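# Results of the structural survey
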Amino acid sequence: PGTKWKVSHNVMTREVEDLISKKKRSPECSHACLNEINERSSESRTVNVVICQKFEIGNNLSVDIVQRHVNQTNDTWFQSLNPLLSKGRRRQLQRAFSGNKDLRHCYKELFTDLERESLTYEFFLQDWDAYCATRPSISKTSMSLETALDFLQEMQ
């Protein structure tokens, strides 16, 4: 009460695009690979961000700065503070995988119940599509243990 707030909703591009951009610069990416990446990168890969700011004259919040902050915070959390591919997770996956597993099974094995609350199966498939676009020779419908470990390492 007594203060004015500006609330805005922004739809921002998920960071998965950065993986695609890196692969485009790679000398290993063929013409067919580039075409597939361009098709997939035009698909919707977004997150919703709600910004609440106290209204004061001259207070301009940059959406670009907020997006950089969100990406940096996620990188710090998932790569340094709470990595997806810990030693314990690696051992657990080695026990769970024998041969190739379909993607629905992989989703359940790769992520905990808590992680699946924020990473829906749909988002997992978007990440998987981006990962596959940079590796045209792997199966698009299943994962081996080696692929699962590389996928988690790349995506964290």
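In what follows, the accompanying structure is described. (Residues numbered from 1 in each chain as written. Predicted model: local features only at pLDDT ≥ 70, side-chain atom pairs only at ≥ 80, totals over all residues. Heavy atoms only, no water.)

## Focus: the overall build of the chain
Our working definition: Secondary structure is summarised from DSSP: a helix means a run of H or I of at least four residues, a strand means a run of E of at least two, and numbering begins at the N terminus for each. Each residue is assigned to one of three classes by its accessible area relative to the maximum for its type, calculated with a 1.4 Å probe on protein chains only: buried under 20%, partly exposed between the two thresholds, exposed over 50%. Contacts are assigned to residue pairs that have any heavy atoms within 4.5 Å of one another. Areas reported here follow the Shrake-Rupley algorithm with a probe of radius 1.4 Å; residue values treat only the protein chains shown as occluding.
Across its full length, the chain carries eight helices and four strands. Evaluated residue by residue, the chain yields a buried proportion of 32% over its 156 residues. Sequence separation of at least 24 residues holds for 66% of the intrachain contacts in the chain that already meet a minimum separation of 6. Summed over its atoms, the accessible surface of the chain is roughly 10,100 Å², and 50% of this surface lies on carbon and sulfur atoms.

## Considering the packing of helix H5 (residues 103-110) against helix H7 (residues 121-133)
In plain terms, the rule: Every axis in this analysis is a line fitted to C-alpha atoms, fitted for helices over the stretch in contact. Angles between the N-to-C directions lie between 0 and 180 degrees. What sets the label is the angle itself: under 35 degrees gives roughly parallel, over 145 gives roughly antiparallel, 65 to 115 gives roughly perpendicular, and the rest give oblique. Classes in brief: Ala, Val, Leu, Ile, Met, Phe, Trp, Tyr, Cys and Pro nonpolar; Asp, Glu, Lys and Arg charged; the others, Gly included, polar.
The interhelical angle for the contact between H5 and H7, taken along N-to-C directions, is 105°, at an axis separation of 11 Å. Viewed along their axes, H5 and H7 adopt a mutual orientation that is roughly perpendicular. Along its contact with H5, which presents Leu103, Arg104, Tyr107 and Leu110, the element H7 presents Tyr121, Phe124, Leu125 and Trp128. Among the residues forming the contact of H5 with H7, the class breakdown is seven nonpolar, no polar and one charged.

## Remarks on the packing of aromatic side chains
Basically, it comes down to this: Between the rings of Phe, Tyr and Trp (Trp by its six-membered ring), a pair exists once the centres lie within 6.5 Å; its type follows the angle of the planes, with under 30 degrees stacked, over 60 edge-to-face, and the other angles tilted.
Applying the stated criterion to the full structure yields nine aromatic pairs. Where Phe124 meets Phe151, the ring centres are 5.7 Å apart and the plane angle is 85°; that geometry is what we call edge-to-face. One end of the pair, Phe124, is in helix H7; the other, Phe151, is in helix H8 (residues 145-155), and 27 residues separate them in sequence. Looking at Phe124, the relative accessible area reads 0%, which means it is buried. For the pair Tyr131 and Phe151, a centre-to-centre distance of 5.3 Å together with 90° between the ring planes defines the contact as edge-to-face. You can see Tyr131 sitting in helix H7 and its partner Phe151 sitting in helix H8, a full 20 residues away along the chain. Overall, the relative accessible area of 1% leaves Tyr131 in the buried class.

## Comments concerning the side chain of Lys101
Mapping Lys101 onto the fold places it in strand S3 (residues 101-102). If near-sequence neighbours (up to four positions away) are discounted, Lys101 is found in contact with Ala96, Cys106, Thr141, Ser142 and Met143.

## Let's talk about the nonpolar core
Here is the rule: We call a set of buried Ala, Val, Leu, Ile, Met, Phe, Trp, Tyr and Cys residues a nonpolar core when their side-chain atoms join them within 4.5 Å.
Among the nonpolar cores identified, the biggest contains 20 residues, and Leu110, Phe111, Phe124, Met143, Phe151 and Leu152 are the most heavily contacted of them. Elements represented by at least two residues in this core include exactly H5, H7 and H8. It is H7 that contributes the most residues to this core, five residues altogether.

## Let's talk about the packing of helix H4 (residues 87-96) against H8
Applied cut-off: When the near helix sits turned anticlockwise from the far one by under a right angle, the crossing is termed left-handed; a clockwise turn instead gives a right-handed crossing.
Contact geometry of H4 with H8 gives a least axis separation of 10 Å together with a crossing angle of 155°. In this view, H4 runs roughly antiparallel relative to H8, as classed from their interaxial angle. When you trace H4 past H8, the crossing you get is right-handed. Contacts between H4 and H8 involve Arg89, Arg90, Leu93 and Gln94 on the former and, on the latter, Leu145, Leu149 and Leu152.

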